[in-house]
Amino acid sequence: MKLSKFMSVVGFITCFSLLYVYQQSEIFRMAYVGQKNHVEFQELLDKNSQLRYNIGRSASLVQIGSKISDSTEFQMPDSYKLVRLAPSREGYSLRDESSGRQTLLSKIFGIKSQAEARTLSP
């Protein structure tokens, strides 16, 4: 084997090895960047949910009722009715959701098909 052929094979193997090491280091770098972005995203989600909770609590009917007038007692209605605004050809119409279809399991165990929100008193 000639020296020039040996040097070209060694040069090719060296270049291939350098490209492989560079590729692996880029994979690790991208993984660290992705992990950092994921952590920042989770922190922003936590802040968002905390702000939504604060807004929801400040804008609840109980809070609004106590700020309107201190002399009158604010009460929440005892019965709740869930309605939905559904689009139709004539425009929008109210659709009663409280009389929805019940399955056999929901009849047996008393499971409602939708969750209903209740306000918290401060």
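To continue, consider the overall build of the protein. When its secondary structure is counted, the protein shows 3 helices and 2 strands. Scanning the protein from its N terminus toward the C terminus, one meets helices and strands in the order α-α-β-β-α. Counting the 122 residues in the protein, one finds 5% classified as buried. Long-range contacts, defined here as pairs at least 24 residues apart, represent 29% of the contacts in the protein between residues at least 6 apart.

The next point concerns the pattern of salt bridges. Tallying each qualifying case throughout the model produces 1 salt bridge. Notably, a salt bridge pairs Glu26 with Arg29, separated by 2.9 Å at the nearest N-O pair. Of this pair, Glu26 and Arg29 both sit in helix α1 (residues 3–58), 3 residues apart, which is roughly one turn of the helix. The class of Glu26 is partly exposed, set by a relative accessible area of 24%. A residue is classified by how much of its surface remains accessible, and Arg29, at 42% relative accessible area, is partly exposed.

Procedures and definitions
- What you see as residue numbers is a count from 1 along each chain, following the sequence as written.
- Local features in this predicted model are restricted to residues whose pLDDT is 70 or higher, and side-chain atom pairs enter the listing and the counts only when it is 80 or higher, whereas totals over whole chains, interfaces and linings include all residues.
- For the side-chain quantities, the full set of heavy atoms in the structure was used; hydrogens and water were omitted.
- The secondary structure listing takes helices from DSSP runs of H or I that are at least 4 residues long and strands from runs of E that are at least 2 residues long, numbered from the N terminus.
- Exposed residues in this analysis have more than 50% of their type's maximum accessible area, buried residues have under 20%, and partly exposed residues fall in between, with area computed by a 1.4 Å probe over protein chains only.
- By definition, residues are in contact when any of their heavy atoms lie within 4.5 Å.
- Every case where a carboxyl oxygen of Asp or Glu lies within 4 Å of a side-chain nitrogen of Lys or Arg is listed as a salt bridge.

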